[in-house]
Amino acid sequence: MSTSEPIHIIGGGLAGSEAAWQAAEAGATVIVHEMRGVRGTDAHSTDSFAELVCSNSFRSDDHEQNAVGLLHEEMRRRNSLIMRAADEHKLPAGGALAVDRHGFSDAVTRAIHNHPKITVIREEIAGWPPEDWRNVIIASGPLTSPALADAILVKTGEDALAFFDAIAPIVHKDSINMDIVWAQSRYDKAGPGGTGADYLNCPMDKEQYLAFVEALKVAPLHEFKDWEKVPYFDGCLPIEVMAERGVETLRHGPMKPVGLTNPRNPTVKCYAIVQLRQDNALGTLWNMVGFQTKMRYGIQADIFRMIPGLENAQFARLGGLHRNTFLNSPKVLGPDLKLKADPRIRFAGQVTGVEGYVESAAVGLITGRLAAAEARGETMATPPNTTALGALVAHITGGHIESESYSGARSFQPMNVNFGLFPPVTIVKPEGAGRWRGNDKTIAKRKAITSRALEDLQAWA
């Protein structure tokens, strides 16, 4: 590829802005195509780049004990425009990084417009990118225009693009009480690649079950905007909707106790059972089967900790049901984030199956660098999966577990960065130290993961 050929980036959100900046800083010529200013969306109110449409928080900034804080630090070390603008316009928020949304967006917009290697064209790409565009990043986000979304659907296949999420919570395995929970598949059925003990089972007696159902029925729910409304399907009803349909509904649905025996009390039949299914290849994250929900985040953890075995559960992701557009990335994208059906095209941002402002920008950072390297005629490796940047790429390009519930089921869902996406790390107590106390082991484990990440990031860079 000639280095004179530009990189075309579709979308001027956080991912598109970061991708454009990274590519231009690496010496590439960049053209950003942004439709806002010509055509609006249901969520945006300005035509500025990197507009924050929801919260103004980038979440924790603790790079030693929090995965998103680590991602912040990695991006800072890789000359991130998004992180530079956030740091310049931060607001008091305790340990979190919150920003003045207008100052932040204005700073990104100025940087993009003033960069000598970047050209901005205000236009909608109403279809598949032209064939003479040889190096393309689609970073159009969850509000991709209908014409482009239709073109993506045609190119990737009907089962490769979702327009809404029905998301069940995901639990860190090391926070599950294995003195209560046991491993068993229903009727000991092994299934493809299974062992007959492929699910973790949380038992409930009648009193616990009835209290749980009542809590679901009175829980406050997320209020949707008109453009966010999504349909209910019988296969993905929110658990609180099932609870409203009758006290026994959940017990005959996702919480049915049939085909399972508690080895700690085998003569007593459980009244209800919550099952968890392995969610990632590392085995560190487990999905609460059938537990998609519209409950507000603030109450979800409290209610789910009513479940025996999950009383101290830590959640990598809480449940939800909302409008979104995202690819079945493990199926359609290669490890370099290129579309298998058309390798001219890379995808970045939320459309790849990441959640969160910083995660979206992080994928933009990676694709911008990869595209710039290709424009120079070089090959660049993605970051190692021991880094936060690499862990995100590994998740969206193959870190999930295929669902075995029925043929063709899609199990890949959007995810925030969290420590469950990182390969395990071995920690050693200091010489002469006694037993771990309180959270000391967790703190040491996180410090080991983050230290390793920053060392490996430097080696990759």
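Above: the structure in question.
Bear in mind that the values here come from a model prediction, so they are computed numbers and not experimental data. (Residues numbered from 1 in each chain as written. Predicted model: local features only at pLDDT ≥ 70, side-chain atom pairs only at ≥ 80, totals over all residues. Heavy atoms only, no water.)

A.B. asks: Tell me about the overall build of the protein chain, and please be specific about residues and values.
C.D. replies: The secondary structure content of the protein chain amounts to twelve helices and 17 strands. Per-residue burial over the protein chain gives 54% buried out of 461 residues. Of all intrachain contacts in the protein chain linking residues separated by at least 6 positions in sequence, the fraction that spans at least 24 positions is 71%. Roughly 19800 Å² of accessible area belongs to the protein chain as shown, and the carbon and sulfur atoms make up 50% of that amount. (Helix = DSSP H or I, 4+ residues; strand = E, 2+ residues; numbered from the N terminus. Buried < 20%, exposed > 50% of the residue type's maximum accessible area, 1.4 Å probe, protein only. Contact = heavy atoms within 4.5 Å. Areas by Shrake-Rupley, 256 points an atom, 1.4 Å probe, with all protein chains shown as cover.)

A.B. asks: Give a description of the pattern of salt bridges that names residues and reports values.
C.D. replies: All chains considered together, the criterion is met by 14 salt bridges. Taking the shortest distance from any N to any O, the salt bridge between Asp 87 and Arg 76 comes out at 2.8 Å. Taken together, the residues span a long stretch of sequence, with Asp 87 in helix α3 (residues 81-88) and Arg 76 in helix α2 (residues 67-77) at a distance of eleven residues. Residue classification places Asp 87 among the partly exposed positions, given a relative accessible area of 27%. Note on Arg 76: relative accessible area 26%, which makes it partly exposed. The shortest N-O distance in the salt bridge between Lys 445 and Asp 174 comes to 2.9 Å. On the criterion of sequence distance, the pair formed by Lys 445 in helix α12 (residues 440-460) and Asp 174 in the loop between β9 (170-172) and β10 (182-183) is long-range, its members being 271 residues apart. The exposure class of Asp 174 is exposed, given its relative accessible area of 60%. Counted as one network, the salt bridges with shared partners bring together Asp 61, Glu 73, Arg 76, Arg 77 and Asp 87. (Salt bridge = Lys/Arg side-chain N within 4 Å of Asp/Glu carboxyl O.)

A.B. asks: Give me helix α1 (residues 14-25): which residues, what numbers.
C.D. replies: For α1, with twelve residues, the first-to-last C-alpha span of 16 Å sits near the 16 Å given by 1.5 Å per residue. Counted residue by residue, α1 has eleven buried out of twelve residues, so it is predominantly covered. When α1 is considered as a whole, its buried residues turn out to be Leu 14, Ala 15, Gly 16, Ser 17, Glu 18, Ala 19, Ala 20, Trp 21, Gln 22, Ala 23 and Ala 24. Following α1 by one or two positions, Gly 27 has its phi on the positive side, about 100°. (Expected span 1.5 Å × (residues − 1).)

A.B. asks: Report on helix α8 (residues 297-304), specifying residues and quantitative values.
C.D. replies: Of the positions making up α8, those classed as buried are Gln 300, Ala 301, Ile 303 and Phe 304. End-on, the buried residues of α8 take up no more than an arc of 165°, which puts them together on one face. Contacts made by the buried residues of α8 are with α6 (206-218), α7 (239-244), β13 (285-288) and β14 (315-317). (Arc of directions from axis to C-beta.)

A.B. asks: A description of unusual backbone geometry should follow, citing residues and the corresponding values.
C.D. replies: In the Ramachandran plot, Ala 50 falls in the positive-phi region, its phi being about 55° despite a non-glycine side chain. Along the chain, Ala 50 turns up in the loop between β2 (30-34) and β3 (57-60). Not every positive phi belongs to a glycine, and Arg 59 is a case in point at roughly 70°. Its place among the elements puts Arg 59 in strand β3.

A.B. asks: So, the side chain of Ser 60: which residues are in play, and what are the values?
C.D. replies: Take Ser 60: it is sitting in strand β3. Once residues within four sequence positions are removed from consideration, Ser 60 is found in contact with Asn 66, Val 68, Gly 69, His 72, Gly 95 and Ala 96.

A.B. asks: How would you sum up the sheet that holds β2? Please name residues and give values.
C.D. replies: Read across the sheet, six strands follow the order β6-β2-β1-β7-β17-β16 without closing on themselves; strand pairing throughout is mixed. Of all the strands in the sheet, the pair left with one neighbour each is β6 (118-122) and β16 (338-339). Strand direction decides the pairing type here: β16 and strand β17 (residues 342-347), joined by two bridges, are antiparallel. The residue bridging Lys 338 from the neighbouring strand is Arg 346, located in β17. Along the sheet, helix α10 (residues 357-375) contacts β1 (7-10), β7 (136-138), β16 and β17; its crossing angle with β17, the most-contacted strand, is approximately 145°. (Pairing = 2+ DSSP bridges. Axes fitted to C-alpha atoms, helices over the stretch in contact; angles between N-to-C directions.)

A.B. asks: Account for the nonpolar core, with residues named and values stated.
C.D. replies: Core analysis: the biggest nonpolar cluster contains 87 residues, and Phe 58, Phe 104 and Phe 347 have the highest contact counts within it. Of all the elements, α10 adds the most residues to this core, at eleven residues. (Core = buried A, V, L, I, M, F, W, Y, C linked by side-chain atoms within 4.5 Å.)

A.B. asks: Outline the packing of α1 against helix α4 (residues 101-114), supporting the account with residue identities and numerical values.
C.D. replies: Packed helices, taken two at a time, are described by their axes: the angle between them and the distance between them. α4 packs onto α1 with a crossing angle of 35° between their chain directions and a minimal axis gap of 10 Å. As α1 packs across α4, the resulting crossing turns out to be left-handed. Only Phe 104, Val 108, Ala 111 and Ile 112 of α4 make contact with α1, whose side of the interface consists of Leu 14, Ser 17, Ala 20 and Trp 21. The residue makeup of the contact of α1 with α4, split by class, is seven nonpolar, one polar and no charged. (Left-handed = near helix turned anticlockwise from the far one by under 90°. Nonpolar A, V, L, I, M, F, W, Y, C, P; charged D, E, K, R; others polar.)

A.B. asks: Tell me what's going on with the pairing of β2, and back it up with residues and numbers.
C.D. replies: Burial of β2 is extensive: five of the five residues sit out of reach of the surface. Side chains Val 30, Val 32 and Glu 34 of β2 all project onto a buried face; the interleaved residues Ile 31 and His 33 project onto the opposite face, where all are buried too. Pairing geometry for β1 and β2, over four bridges, is parallel. Across the sheet, residue His 8 finds its bridge partner in β2, namely Ile 31. Handedness of the crossover joining β1 and β2 through α1: right-handed. Judged from the five bridges that link them, β2 and β6 form a sheet pairing that is parallel. In the sheet register, Val 32 faces β6, and the bridge partner there is Val 120. (Right-handed = clockwise from strand over helix to strand, strands pointing away.)

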